[in-house]
Amino acid sequence: MAMSTGTATPAAPSGPPTQRISDVITSFRPSRRFRPTAPSTSITSLDFDDTGELAIVARDDDTLQIYNCKEGKHAKELKSQKYGVHLARFSHHAQSIIYASTKVDDTIRYLSTHDNSYIRYFRGHKDTVTSIALCPSSDTFLSCSKDDTVRIWDLASNNYQGMLKLHKPYLATYDPSATVIAIASPQTHAVLLYDIRNYDKPPFATFDLQELEQRFLGSQGGDWTKMEFTNDGKSLVISTTGVGHFVLDAFSGEIVHFCYRKSGHSGRPAPGASVVGHGSGTPNGTSPAAGQGDVCTTPDGQFLIGGSGEDGLLVWPIAKPSAPNHLLEPTETLPGGGKAAVVGYNPRTNLLATADKDLLLWQPDPDLMM
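None of these values were measured; they are calculated from a predicted model.

(A) Just the side chain of S27, in detail. Here S27 is to be found in the loop between helix 1 (21-24) and strand 1 (28-34). A residue is classified by how much of its surface remains accessible, and S27, at 0% relative accessible area, is buried. Setting aside residues up to four positions removed in sequence, S27 forms contacts with Q363, P364, D365, L368 and M369.

Below is the structure:
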């Protein structure tokens, strides 16, 4: 397990895409570990390309690391020493990415990973970018910032295509059909839904979560760390730094599940809660690394997988009927790997990736499969 970025041996082939997630979910175990050279370095974001072959992570040593998931190997390092890097996202073309700056300015950069050259700069934000979401069906993307704006961009243009000015809109995402955008303002406890064709009109729905937060998070509360639709478009997940995560009906905003975890969260600040880390790690032990939320949904929309706050992962079966009190305990604990501060599920095959300081690739263990 103690493998560095450049020396990992090929992983065993992961389960075929047709293998049902419900058949393998309990058998995931870490199969590869990639360690940074400097032990203070932390991974802040994770993304897979559309084919599922590549994974990219941003680290707070101002580097991007690309991994070949099929071979279980480190593929490439790209440096962004001057501007820093966070929220790295593949475009629909696996050899180009977009990412937020953490130093100098708040420009979003569009980079060719083939030759490490910039294709375009997206200028306009006046404060830290807190969220980047690529449209599932086109080359447009959303960005949120602490400057109180959400901007809509097209990869083909330097200029933003649209802008919404809202109060603390720190998270945004597209629904799977790419016809709706959801924007979350944690400070106002609200999620706003817009028709993408009429984003300049008032939202067609607003979900107020204040009562739910008081009911489920209690006096300790919790900041919102991530927002994600399930791939069937039926549910909207809002993860928190508190004792659990909300699964809402994506049409009504009603609570379906509160996914409870007793051990707490990863320790990463929520978007907008503090300045994204400038430079490497936590040199003084006082400034935690940034993150992008420590949960993800499975591609079939059946499960929510997230960090336990301690060792390993928790699994919640979010497709099951809602309980009268809406409380959903994890049904599985996947052991090993240490803390999972960033979590992602490969879109094409049964492979999980988790990260804190190290990156771990998880695969179903054939000896544990039923």
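(B) How the structure looks around the packing of aromatic side chains. In the structure shown here, the tally under the stated rule is eleven aromatic pairs. Look at Y118 and Y121: their rings are 5.4 Å apart centre to centre, the planes differ by 40 degrees, and that puts the pair in the tilted class. Accessibility expressed as a relative area gives 29% for Y118, which makes it partly exposed. Exposure remark for Y121: the relative accessible area of 29% places this residue in the partly exposed category. Members of the aromatic cluster, joined through ring pairs, are Y110, F122, F141, W153 and Y160. Positioned above the aromatic ring of Y160 is the side chain of R151, whose terminal nitrogen or guanidinium carbon lies 4.7 Å from the ring centre.

(C) Representation of the UniProt feature "repeat: WD" (unreviewed entry) in the chain in the model. Per the UniProt record, "repeat: WD" (unreviewed entry) is found at residues 122-163. What you have in residues 122-163 is 0% helix and 50% strand, and the ends, taken at the C-alpha atoms, are 13 Å apart.

(D) Geometry of the pairing of strand 8 (residues 108-112). In terms of burial, strand 8 is a largely internal element, five of the five residues being buried. Along strand 8, one buried face is formed by I108, Y110 and S112 and the opposite face, lined by R109 and L111, is buried too. Relative to strand 8, strand 7 (residues 96-100) runs antiparallel, the two sharing five bridges. If you follow Y99 over to strand 8, its bridge partner there is R109. Pairing of strand 8 with strand 9 (residues 117-122), which is carried by five bridges, proceeds in the antiparallel orientation. Each residue of the ladder has a partner; that of R109, found in strand 9, is Y121. The hairpin turn running from strand 8 into strand 9, its antiparallel successor, is four residues long, and N116 in that turn takes a positive phi close to 55 degrees.

(E) Geometry of the sheet that holds strand 1. Strands sit in the order 1-29-28-27 across an open sheet of four strands; the sheet is antiparallel. Of all the strands in the sheet, the pair left with one neighbour each is strand 1 and strand 27 (342-345). Each neighbouring strand pair of the sheet contributes to a mean axis angle of 25 degrees, computed without reference to strand direction. One ladder, built from four bridges, connects strand 27 with strand 28 (residues 352-355); its direction is antiparallel. Bridge assignment links V342 to a residue of strand 28, and that residue is A355.

(F) Inspection of the sheet that holds strand 2 (residues 43-48) at higher detail. Taking strand neighbours across the sheet as the criterion, the four strands line up as 2-3-4-5 in an open arrangement whose pairing is antiparallel. The open sheet has two free edges, formed respectively by strand 2 and strand 5 (73-79), since each of these has just one partner strand. The average undirected angle you get between the axes of adjacent strands in this sheet is 20 degrees. Across six bridges, strand 4 (residues 63-68) lies against strand 5 in antiparallel orientation. Along strand 5, the bridge assignment pairs N68 with K73.

Definitions and cut-offs
Residues numbered from 1 in each chain as written. Predicted model: local features only at pLDDT ≥ 70, side-chain atom pairs only at ≥ 80, totals over all residues. Heavy atoms only, no water. Helix = DSSP H or I, 4+ residues; strand = E, 2+ residues; numbered from the N terminus. Buried < 20%, exposed > 50% of the residue type's maximum accessible area, 1.4 Å probe, protein only. Contact = heavy atoms within 4.5 Å. Phe/Tyr/Trp six-rings, centres within 6.5 Å; stacked < 30°, edge-to-face > 60°. Lys NZ or Arg CZ within 6 Å of the ring centre and 35° of its normal. UniProt positions renumbered as here; feature names shortened; annotations may be inferred. Pairing = 2+ DSSP bridges. Axes fitted to C-alpha atoms, helices over the stretch in contact; angles between N-to-C directions.

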